[in-house]
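So the chains spell out like this:
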Amino acid sequence: MVLGVLPSLLVSICIRVFSVAAVICTILVLPVNYYGRDRKHKNIPFESLEVFTIENVKEGSEWLWAHCLALYIITLTACTLLYFEYKCITNLRLLHITSSQPNPSHFAILVRGIPWSPDQSYCETVKKFFSFYHPSTYLSHQIVYKSGSVQKLKDDAEYMCKMLSSGCGSMEQTCKPSFAQCYFCGGSTNSFKIISNETDSIHGRTGYSDVHLNARKKECAAAFVFFKSRYAALTVAQSLQTSNPMLWVTDLAPEPQDVYWSNLCIPYKQLWIRKITTFAASVTFVLVFLIPVTFAQGLTQLDKLEKMFPFLTGMLQKKFVIQLVTGYLPSVILVLFLYAVPPVVMLFSTMEGCVSRSERKTSACSKFLYFTIWNVFFVNVFAGSVISQLAVFSSLTELPAQLAKAVPAQATYFTTYVLSSGWASLAFEIMQLFPLFCNLFQRFILGYNEDTINGFLTFPYHTEVPRILLFGFLGFTCSILAPLILPFLLFYFVLAYLVYRNQILNVYIKKYDSGGQLWPIAHNTTVLSLLVAQVIALGVFGIKQSPVASGFTFPLLICTVLFHQYCRQRFLPIFKNNATQVLIDMDRRDERCGRMEQIYEQLTSAYCQFSSSNQSECFSSQGEREDVRTPQDMEKANEMTEDISWPPVIHSFDKPVKGGK
């Protein structure tokens, strides 16, 4: 297995955990469920699925210790694998930081909430502040300008109008026809003066002056500030700059390829309002989504359908129609509605004001994950009207009992959902239907001969990672209640490992490196799945009147919570901040190698907001560099770029190097 690929890591953990779960549940749990009651059994293919669930075990059965033992084995296996994977990914993250060549984000911080001054621009304010309060470590800065497609078109149009208006007067003077006598043929001439140099001067004068005249109009209250060492940047980023926490807000800068420029222009004081608004919109979206989920689950209740639609009574009595309507159709309807969720949660994450693409995708991943777990699991478990769903949670003490009654009854639906959503999603992932249709539309309708989508496909972490975690959630919660779901899940994870490995290696393009930031979400969700499975098991053991099994489940809950807290204290801080010891060692190593000057030269160009044609504007905003670069400077910068590339990562967490182990 290639390290550094989060979907492959998650899938490999699920394969190992559910392989153990499938063996244990087949040997211990399934026979107990099947022979739980004294009844006459038919042939296995003709048996009802309820016979293989824990519902078939009679109350007060002494064989419920098998379910408790299986739960202990599954939890111990999952926690052991989670611990070693968390430790391995933490070491890889440290190795990713220390063994890679100099990263400009380690020397830079992002400053927002720059106070407005009527006497000076934001650029001058930033230079004055950091030169005064951090004189020994401050290097330079790069102000952030208003960006976006509309703003760029507006600036280009304004620039062309000024250039043409400035050039018309000079052209009227310098391009007048000359009727002097031609000394070669004796006739008059109608010649024009060569104005290339004057045009160049107009272009240079207009372009250079516009940068300074319109700088304050285009500047945003945000900037990238560069320091002379990694430790200095880390210290400033983690400290409070002024007594007003809403001004001069400093954070670690994202990598240059990871910056989401359009959100940097959002005033910092608006962020808390945006987060509250986004949270309210997300809750509203979840409540609105209850309508299709409730409708889909209503199809499983034939008696209600016959009352609502009497003309379907004869059709709903056919065996094929019953299997189609109650088994497959609800899952298909839910899957179709879920395809509209990822664009919405990505829009919500953009509205929050995330300053990096990885942060935006991580936020969308969390929203989509909680959304799917809530709608696919809890809402379907408590299917019915919205009022009855809310009434279930009126008493938290009754929650385990309610889950214990509802989850085994929905085991058939969850098994069907794995088939309809899991296997179908892998088929769609291989075929890439949306890029395929876009390519066909461009070729046959628009007449494009080249593939414009090639090179722009990035792995959809915000949809695939929540899907894997959702299936893991279903596997943990249903493993001892309905063991027949495990073979289908195991087959899905084996197939998913092959598909995701191929897609990441051969199809998708890596544009930035998140450094494994999605792994804490995966770890937390897996632990949550274990806790929910234990709470449901506790409720089941209470309903089945097994005090021994219930008594042994309480210590398992406590141990799982303690394990989670230990991992949070031991590993999570490394994903939140960089270690001071590591950064100081890297600074000293670069000083000994004499690479600091080359790094300083590259910092200013690493976070250039505009294209190469507009780099003069980018460099004019520097606190210590106001000149426009000459061709000799460009050639020298290109030579330095060949020596230090940004950032040539050895251990990638988003896409591995082929053949790496």
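The following paragraphs examine the structure supplied in this document. Owing to the predicted nature of the structure, the values given are computational and were not obtained by experimental measurement.

For the protein chain, the count of helices and strands is 26 helices and four strands. Here the analysis covers contacts within the protein chain between residues at least 6 apart in sequence; of these, 80% occur between residues at least 24 apart. Within the structure as shown, the protein chain displays about 33100 Å² of accessible surface, and the carbon and sulfur contribution to it stands at 63%.

The sheet built from four strands is open, its strands ordered β2-β3-β1-β4 with antiparallel pairing. Looking at the sheet topology across the chains shown, the edges are occupied by β2 (138-145) and β4 (249-252). If you compare each strand with its neighbour and ignore which way they point, the axes differ by 30° on average. Pairing of strand β1 (residues 108-112) with strand β3 (residues 219-227), which is carried by five bridges, proceeds in the antiparallel orientation. Across the sheet, residue Leu 110 finds its bridge partner in β3, namely Phe 224. This element, helix α3 (residues 122-133), spans β1, β2 and β3 of the sheet and lies at about 155° to β2. The sheet contacts of helix α7 (residues 230-237) involve β1, β3 and β4, and relative to β4 the element is tilted by about 135°.

In this section: a nonpolar patch on the surface. Nonpolar side chains collect at one region of the surface, where Leu 436, Phe 437, Leu 440, Phe 441, Phe 444, Ile 445, Leu 446 and Tyr 448 lie side by side and expose about 860 Å² of accessible area between them. Its location among the elements puts Phe 444 in helix α17 (residues 433-444). Judged by relative accessible area, Phe 444 falls into the exposed class, the value being 66%.

Take unusual backbone geometry next. Comment: phi is negative for the bulk of residues other than glycine, and the bulk of peptide bonds are trans. In the Ramachandran plot, Trp 248 falls in the positive-phi region, its phi being about 55° despite a non-glycine side chain. Trp 248 gets classed as buried once you look at its relative accessible area, which sits at 6%. One non-glycine residue, Gln 545, adopts positive backbone phi at about 55°.

Parameters and conventions
Residues numbered from 1 in each chain as written. Predicted model: local features only at pLDDT ≥ 70, side-chain atom pairs only at ≥ 80, totals over all residues. Heavy atoms only, no water. Helix = DSSP H or I, 4+ residues; strand = E, 2+ residues; numbered from the N terminus. Contact = heavy atoms within 4.5 Å. Areas by Shrake-Rupley, 256 points an atom, 1.4 Å probe, with all protein chains shown as cover. Pairing = 2+ DSSP bridges. Axes fitted to C-alpha atoms, helices over the stretch in contact; angles between N-to-C directions. Patch = residues over 30% accessible without salt bridge, like charges linked within 9 Å, V, L, I, M, F, W, Y side chains within 5 Å. Salt bridge = Lys/Arg side-chain N within 4 Å of Asp/Glu carboxyl O. Buried < 20%, exposed > 50% of the residue type's maximum accessible area, 1.4 Å probe, protein only.

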